[in-house]
Amino acid sequence: MLDDCLAVILAGGDSRRMGCDKSGVQLGGETLLQRVAATLQTLFPQTLLSVRQARPDIALPQICDRHVDSGPLAGIAAALEYAQQRGVSWIFAVATDMPFVQPGVIERLASQRDGVAAVVPRVAGHPQPLAAFYSLRALAAVQAQLAGEGKRSLRAVLERLPVAYVDEAELLAADPGLHSFFDLDTPQDLAAASLLMRQ
C-alpha cells in the first residue's frame, strides 16, 4: 500500500469522440471506471474521482474542478489541493479510459519518486501524463499554468518541474504488452479493447 499517496481518476472530459460518458462505458461486464478503481484500491488508501460537477450516481468520493474548461490540469490541481489539505505528499492520477493499467506499472513508477516533483511514463517517446505521479511540489506550477495566459496543458507544466521520465523498457517486466497505456477514445478503441480481453 502506498500510504503517502492518494489516487485520483480523471473523469471530467467531454468524451466527444466516444459519444457518451466514458466512465460508464461497459467493458467485460464492468464499467471503465469500475475497472480502474478496482486496480487503484489495491494500492492506495484512498481513491477519488475528479469531475467537473458532482456525480450522485457514483459512490466514489469526488473532487470537483474549480477551473472551468481547463481539462485534466484542473483535475490535477483539485487533487493536489485536496492532498495538501490532508497532509498527503503525492497523488497518482490516471484517466478513467485506461482500463488496463497494471499495479506493477504503478509500483514501478512509485519507486522513482525520490528528488522529483513528478514521475511520468514515456511510451514510444511520448510522455503519458494521465498515468503519472505528482507531488505537492508540483502544485504551484499547476496553479500558475491555470492562472496564466498560455495553454492549459499538463505537458507545459512538466517543462517547469523536475520530472523522472520512466521509459517503456523499464515497464515491460510489469506489463509486457504495455496495455496500461491503451486509452479508449472512440467506439473503435472500445472494440479493440474487447478483443484484447478475449486474447
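Rules used in this analysis
Residues numbered from 1 in each chain as written. Predicted model: local features only at pLDDT ≥ 70, side-chain atom pairs only at ≥ 80, totals over all residues. Heavy atoms only, no water. Helix = DSSP H or I, 4+ residues; strand = E, 2+ residues; numbered from the N terminus. Expected span 1.5 Å × (residues − 1). Buried < 20%, exposed > 50% of the residue type's maximum accessible area, 1.4 Å probe, protein only. Phe/Tyr/Trp six-rings, centres within 6.5 Å; stacked < 30°, edge-to-face > 60°. Pairing = 2+ DSSP bridges.

Asker: It is not clear to me how helix 2 (residues 71-85) should be interpreted in this structure. Could you clarify?
Answerer: Residues spaced three or four apart along an α-helix face the same direction, because each turn holds 3.6 residues. Over its 15 residues, helix 2 runs 22 Å from end to end, which matches the ideal 21 Å to within 8%, given 1.5 Å per residue. Considered for burial, the residues of helix 2 that qualify are Leu73, Ala74, Gly75, Ile76, Ala77, Ala78, Ala79, Leu80, Glu81, Tyr82 and Ala83.

Asker: Explanation requested: the packing of aromatic side chains in the structure shown.
Answerer: Any pair of aromatic rings gets described here by the distance separating the centres and the angle formed by the planes. Under the definition given, this model contains 5 aromatic pairs. Ring geometry for phenylalanine 44 and phenylalanine 133: centres 6.3 Å apart, planes at 45°, overall tilted. Note that phenylalanine 44 is positioned in the loop between helix 1 (32-40) and strand 4 (47-51) and phenylalanine 133 in strand 9 (residues 131-135), a separation of 89 residues in sequence. You can call phenylalanine 44 buried: its relative accessible area is 3%.

Asker: Help me understand the pairing of strand 4 in this model?
Answerer: The side chains of a regular strand alternate between both faces of the sheet. Burial analysis of strand 4 places 5 of its 5 residues in the buried class, the great majority of the element. Where burial is concerned, the two faces of strand 4 agree: the one with Thr47, Leu49 and Val51 and the one with Leu48 and Ser50 are both buried. The pairing of strand 1 (residues 5-10) with strand 4 spans 4 bridges and is classified as parallel. Considered in strand 4, the bridge of leucine 10 is made with serine 50. Here strand 4 runs beside strand 5 (residues 62-64); their pairing, made up of 3 bridges, is parallel. Bridging from a neighbouring strand, valine 51 pairs with cysteine 64 of strand 5.

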